[in-house]
Amino acid sequence: MPLVTDAQFDKASLRTVALARRAALEPAARAAAAEAAAAHAMEWLGAVQGEVVSVFASIGGEIDTDPLVRRLREAGACIALPIVLEIGKPLLFRLWEAGVDLVPSAGPGRMAIPAPPEGAPAVSPDVLVVPLAGFDARGNRLGYGAGFYDRTLSLLRHAKRVEALGYAFAVQELPVVPAEAHDERLDAIATDAGVVRPAEE
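Our subject in this report is the structure included herewith. (Residues numbered from 1 in each chain as written. Predicted model: local features only at pLDDT ≥ 70, side-chain atom pairs only at ≥ 80, totals over all residues. Heavy atoms only, no water.)

Describing the nonpolar core
Stage number 1. In this structure, V53, I63, L68, L72, L128, V129 and Y167 are the most contacted members of the largest nonpolar core, which totals 46 residues.
Stage number 2. Counting residues per element, this core draws most heavily on helix α2 (residues 27-45), which supplies seven residues.
Stage number 3. Apart from the residues within four sequence positions on either side, V129 is in contact with V53, S54, V55, F56, L68, Y149, L165 and Y167.
Stage number 4. Listed in part, the six residues of the second largest apolar core include L14, A18, L174 and V177. (Core = buried A, V, L, I, M, F, W, Y, C linked by side-chain atoms within 4.5 Å. Buried < 20%, exposed > 50% of the residue type's maximum accessible area, 1.4 Å probe, protein only. Helix = DSSP H or I, 4+ residues; strand = E, 2+ residues; numbered from the N terminus. Contact = heavy atoms within 4.5 Å.)

Let's talk about the sheet that holds strand β1 (residues 52-54)
Stage number 1. Taken in spatial order, the seven strands of this open sheet run β3-β2-β1-β6-β9-β10-β11, and their pairing is mixed. Two strands bound the open sheet, and with one partner strand each, they are β3 (92-95) and β11 (194-196). For this sheet, the mean angle separating the axes of adjacent strands, direction not counted, is 30 degrees.
Stage number 2. Across three bridges, the pairing between β1 and strand β2 (residues 78-83) is parallel. Counterpart to S54 in the pairing with β2 is A80. (Pairing = 2+ DSSP bridges. Axes fitted to C-alpha atoms, helices over the stretch in contact; angles between N-to-C directions.)

Thoughts on helix α4 (residues 148-159)
Stage number 1. For α4, with twelve residues, the first-to-last C-alpha span of 17 Å sits near the 16 Å given by 1.5 Å per residue.
Stage number 2. Lining the buried residues of α4 we find β2, β3, β6 (127-130), β8 (141-142) and β9 (163-167). (Expected span 1.5 Å × (residues − 1).)

So, the pattern of salt bridges
Stage number 1. All chains considered together, the criterion is met by eight salt bridges.
Stage number 2. In this structure, the salt-bridge partner of R70 is E35, at a minimum N-O distance of 3.2 Å. Of the two residues, R70 sits in helix α3 (residues 66-74) while E35 sits in helix α2, which places them 35 residues apart along the sequence.
Stage number 3. R71 is the salt-bridge partner of E35, the closest N and O atoms lying 3.0 Å from each other. In this pair, E35 is assigned in helix α2 and R71 in helix α3, connecting sequence segments 36 residues apart.
Stage number 4. Among the charged side chains, a salt-bridge network with shared partners connects K11, E180 and D183. (Salt bridge = Lys/Arg side-chain N within 4 Å of Asp/Glu carboxyl O.)

Focus: the pairing of β2
Stage number 1. Of all six residues that make up β2, five are buried, and the element is covered over most of its length.
Stage number 2. With respect to chirality, the unit in which β1 leads through α3 into the neighbouring parallel β2 is right-handed.
Stage number 3. Note that β2 and β3 share four bridges and pair antiparallel. Pairing of L81 across the sheet is with R94, part of β3. (Right-handed = clockwise from strand over helix to strand, strands pointing away.)

Describing the pairing of β6
Stage number 1. The alternating pattern of β6 places V127 and V129 and L128 and V130 on opposite faces, both of which are buried.
Stage number 2. By the bridge criterion, two bridges tie β1 to β6 in an arrangement that is parallel. Looking at β6, one finds that S54 is bridged to L128.
Stage number 3. With four bridges connecting them, β6 and β9 associate as parallel partners.

Focus on the packing of aromatic side chains
Stage number 1. Scanning the model with the defined rule gives one aromatic pair in all.
Stage number 2. Ring geometry for F56 and Y167: centres 6.4 Å apart, planes at 65 degrees, overall edge-to-face. On the criterion of sequence distance, the pair formed by F56 in the loop between β1 and α3 and Y167 in strand β9 is long-range, its members being 111 residues apart.
Stage number 3. One residue, R73, lies across the ring of W96, its end atom 4.9 Å from the ring centre. (Phe/Tyr/Trp six-rings, centres within 6.5 Å; stacked < 30°, edge-to-face > 60°. Lys NZ or Arg CZ within 6 Å of the ring centre and 35° of its normal.)

Some points on α3
Stage number 1. Those residues of α3 that fall on the buried side of the exposure criterion are P67, L68, V69 and L72.
Stage number 2. If you follow the buried residues of α3, they end up packed against α2, β1, β2, β6 and β9.
Stage number 3. In the segment just after α3, G76 is the residue with positive phi, at about 90 degrees.

Focus: the side chain of R94
Stage number 1. Examined against the element boundaries, R94 turns out to sit in strand β3.
Stage number 2. Of the side chains with opposite charge, E118 comes closest to the buried, unpaired R94, at an N-O distance of 5.2 Å.
Stage number 3. Once you skip the residues sitting within four places of it in the chain, R94 turns out to touch I79, A80, L81, I83, P116, P117, E118, A120, P121, A122 and V123. (Lys, Arg positive; Asp, Glu negative; His and termini not counted.)

Encoded structure:
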């Protein structure tokens, strides 16, 4: 039986706290927050003309990414969405052209995630807009426990320059997220309250 570290135990507890805060937000507050976070994200990203930006399709209680996608397209970015091919492997990214309907992904997992159709071209993103359960001011991300983005960011960062922008409600910020050796830090986190720029150590 695998050993459970203190950091993993703490992450599970913190994840519960952050997700409860997220779930408590009212629909009107969620909609306003999504618009505000999109504006803050665009300010941090700057010029994105011609860049490939991976944006997640919001599921469950995640912040709505539709306002951000709209702004990115207007600014000339190419939009991609992540695809889960296999548990324990990095993500694949497929181009999501404007006007193309998303379909439930056929990858493993308990929840079908909207994704571009299989015929959409695979791309390598320049920017990853990353979902999360919680985060701290140092750029540590609390994910959902599967490690997909940590593996993917590690692979991409060894191959090219990429930016990782966390995207969440401000209420998901935590005092400290325990960081393990395999955890990939975010470059910034865009929320409805503004952009969290990790403090230098």
